[in-house]
Amino acid sequence: MKQKRYVVAIDQGTTSCRAIVFDPQGAIVSTAQKEFTQFFPKSGWVEHDAEEIWQVQLEVLREAVKSIDLEEIAAIGITNQRETTVVWDKLTGKPLHRAIVWQCRRTSTMCEELKHQGWEPIIRNKTGLVLDAYFSGTKLKWLLDNNPDIRAKAERGEALFGTIDSWLIWKLTEGRQHVTDASNASRTMLLNIHSVQWDDDILQQLNIPKAMLPEVKSSSEVYGHTELLGAAAAVRIPIAGAAGDQQAALFGQACFTEGMAKNTYGTGCFVLKQTGEKPVMSEKGLITTIAWSLNGKVYYALEGSVFNAGTVVQWLRDGLGIIESAAETEAIARSVEHTEGVYFVPAFTGLGTPYWEPDARGMITGLTRASTRAHIVRAALESIAFQSSEVLQVMEEESGIHLRELRVDGGAVKNEFLMQFQADLLGVAVTRPRVIETTALGAAFLAGLAVGLWSDLSELEQLKGYDRSFSPAKDEAYRKQAVSGWQRAVAYQLGR
């Protein structure tokens, strides 16, 4: 028996499939990545070919492990784009329709109809989610309502539904396992997050046959085995962990204690705060979600969204043309001591938490003849931190749990001006990890725990290395003045 030395993480994203091999110290051994096709059949509609996703994911999986002995792989963990909806034939294993992607807005009208019927508070209380086209439930209803053949198969028990984790596990186990984990299930708008069971009332209202749905498992257990990693001699490898991408990042950041939070700085920002074993229901537009299920216990999180973060820097480059690359923004921002009262409200696609104003649009305020490119660039970077701070403030108010530290990941964490300003605004340390692939690392941690490669959470905490911690360098008076200026700028935009 060879020593088990590696965990493979499948990281199935919105635009690409990746596979990353980690060693027992949590270091990356090898990686492979490949993009796949995006389909936009109508305005606001987004689709993927689930069969293509499977083929590309299998290709990068084999590529990532080609130089290691398959018998030394302890387990595979999966993390994935979350709400994307796949329906496939139980008998043939073929998708019955293109996957409807989380970004797709085709069911917005359906959601409005459900709101008029009084389902919004029911959905929120049972699922922790807002009633929105973002989630899987109405996407699945649309597929069934608009495709009589799929509806007929579903009624006969011949059509299966799943998010991407379920689809990949089903394919990897060659049709033997139809399962999902609690974190992904909580994003479907079909799961009662209190009982962690599919909700019969919601299924009945949406006319979805329960037999289509996967069995809900914990986030860290052996779901089944695959023999598909090598093209030749079969080696059975356990598939032992799964979590939606943002929850996996929270786990990969070792936010194991109630009150710990992470922020992913990408195109937008995803802020998650772990709230322990009781769900905190939000009144201010946050999502209540299952963070993970582990060792017989369910842990919850609050989630908030910043719509525009990286897009602000992209607009400076591509829209205004005042920078050539994102990398130069740090030096430009540092070339002035402050913005001289300039604030940038980057509501290109509306404002998210806590405003939820989809019709809001971008605005720059406080301009004078003395304002320069540097002031605008600095204000743009500061806007990312202001928006994230507002989400975290709402989380603190609603959970009653004080933020002790913010752990960060995503492309923008390389910008040390932004990280320092974020720490100054929050008044707590902002910690950047050594391994920034925290989403894949979270999936690896969950899988490795299930097979005993790592013994417990404290061991994972020790493995989690940090590159730098940014400590707040400003006082409370500075924070209050900065935030009040930001709030005035937002009020101008909203006409208040």
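Quick caveat, the model's predicted, so the values are computed rather than measured. (Residues numbered from 1 in each chain as written. Predicted model: local features only at pLDDT ≥ 70, side-chain atom pairs only at ≥ 80, totals over all residues. Heavy atoms only, no water.)

### Quick look at the packing of helix 2 (residues 108–116) against helix 4 (residues 136–146)
Two elements in contact, helix 2 and helix 4, have axes separated by 10 Å at closest approach and are oriented at 110°. The orientation of helix 2 relative to helix 4 falls into the category roughly perpendicular. Note on element contacts: helix 4 touches helix 2 through Thr138, Lys141 and Trp142, opposite Met110, Cys111 and Leu114. Here the contact of helix 2 with helix 4 is composed, by residue class, of four nonpolar, one polar and one charged. (Axes fitted to C-alpha atoms, helices over the stretch in contact; angles between N-to-C directions. Helix = DSSP H or I, 4+ residues; strand = E, 2+ residues; numbered from the N terminus. Parallel < 35°, antiparallel > 145°, perpendicular 65-115°, else oblique. Contact = heavy atoms within 4.5 Å. Nonpolar A, V, L, I, M, F, W, Y, C, P; charged D, E, K, R; others polar.)

### Remarks on the sheet that holds strand 14 (residues 237–244)
Hydrogen bonding along the main chain pairs the strands of a sheet, whether they run parallel or antiparallel. Strand order in the open sheet made by the six strands is 3-2-1-5-14-13, with mixed pairing throughout. Whereas interior strands pair on both sides, the edge strands pair on one side only; in this sheet they are strand 3 (28–35) and strand 13 (220–226). On average, each strand axis in the sheet is tilted by 25° relative to the strand beside it, whichever way the strands run. Sheet topology places strand 2 (residues 16–22) next to strand 3; seven bridges connect them, and they run antiparallel. Bridge pairing in strand 3 links isoleucine 20 to threonine 31. Together, strand 5 (73–80) and strand 14 form the strand contacts of helix 9 (residues 245–252), whose direction differs from that of strand 14 by roughly 100°. (Pairing = 2+ DSSP bridges.)

### Section: the packing of helix 1 (residues 50–65) against helix 6 (residues 164–172)
Where helix 1 contacts helix 6, the two axes come as close as 11 Å, and the packing angle between them is 65°. Here helix 1 runs over helix 6; the crossing is right-handed. The segment helix 1 lies against helix 6, with Ala50, Glu51, Ile53, Trp54, Gln57 and Leu61 engaging Ile164, Trp167, Leu168, Lys171 and Leu172. The residue makeup of the contact of helix 1 with helix 6, split by class, is eight nonpolar, one polar and two charged. (Left-handed = near helix turned anticlockwise from the far one by under 90°.)

### Describing the environment of tryptophan 170
Mapping tryptophan 170 onto the fold places it in helix 6. Taking C-alpha positions, tryptophan 170 is 42 Å from leucine 418, a pair spaced 248 residues apart along the chain. If sequence neighbours within four positions are ignored, tryptophan 170 has contacts with Trp88, Asp89, Lys90, Gly93, Leu160, Gly175, Arg176, Gln177 and His178.

### What to know about the side chain of glutamine 57
Residue position: glutamine 57 is located in helix 1. Of note is the side chain of glutamine 57, whose polar atom sits 2.9 Å from the backbone oxygen of arginine 18. If we skip the residues at most four places from it in the chain, glutamine 57 touches Ile10, Asp11, Gln12, Cys17, Arg18, Ala19 and Leu168. (Polar contact = N/O pair within 3.5 Å; in protein donor to acceptor, adjacent residues only side chain to side chain.)

### Description of helix 13 (residues 416–426)
One turn of an α-helix holds 3.6 residues; hence residues three or four places apart share an orientation. Within helix 13, 10 of the 11 residues are buried, which leaves it mostly tucked inside the rest of the structure. Here helix 13 has its buried residues at Phe417, Leu418, Met419, Gln420, Phe421, Gln422, Ala423, Asp424, Leu425 and Leu426. Between a side-chain oxygen at the N-terminus of helix 13 and the backbone nitrogen of phenylalanine 417 the separation is 3.2 Å; the capping residue is asparagine 415. Of the residues trailing helix 13, glycine 427 is marked for its positive phi of about 75°. (Buried < 20%, exposed > 50% of the residue type's maximum accessible area, 1.4 Å probe, protein only.)

### Some remarks on the UniProt feature "binding site: ATP" (unreviewed entry) in the protein chain
Mapped onto this numbering, the UniProt entry gives "binding site: ATP" (unreviewed entry) at Thr14, Thr15, Ser16, Thr267, Gly310, Gln314 and Gly411. As for its placement among the helices and strands, glycine 310 is situated in helix 10 (residues 310–320). Setting aside its immediate chain neighbours within four residues, glycine 310 contacts Gly266 and Thr267. Here glycine 411 lies in the loop between strand 21 (405–409) and helix 13. (UniProt positions renumbered as here; feature names shortened; annotations may be inferred.)

### Quick notes on the pairing of strand 14
Among the eight residues in strand 14, eight count as buried, and that is most of the element. By the bridge criterion, four bridges tie strand 13 to strand 14 in an arrangement that is antiparallel. Residue glycine 224 lies in a different strand from strand 14, and its bridge partner there is isoleucine 239.

### Description of the environment of threonine 289
The residue threonine 289 is located in strand 17 (residues 287–294) in this model. Taking the C-alpha atoms as reference, threonine 289 lies 7.6 Å from isoleucine 193; in sequence the two are 96 residues apart. Not counting residues within four places of it along the chain, the set of residues in contact with threonine 289 comprises Ser186, Arg187, Gln247, Tyr300, Ala301 and Glu303. Among the polar contacts listed, one links the side chain of threonine 289 to the side chain of glutamine 247, at a separation of 3.4 Å.

### Section: the nonpolar core
Counting 42 residues, the largest nonpolar core has Leu140, Leu190, Ile208, Met212, Leu213 and Ile290 as the members making the most contacts within it. Mapped by element, the contributors of at least two residues to this core are helix 2, helix 4, helix 5 (148–155), strand 8 (159–162), helix 7 (182–185), helix 8 (200–206), strand 17 and strand 18 (297–306). Among residues more than four places away in sequence, those in contact with leucine 140 are Thr85, Val87, Phe161, Leu190, Ile208 and Met212. (Core = buried A, V, L, I, M, F, W, Y, C linked by side-chain atoms within 4.5 Å.)

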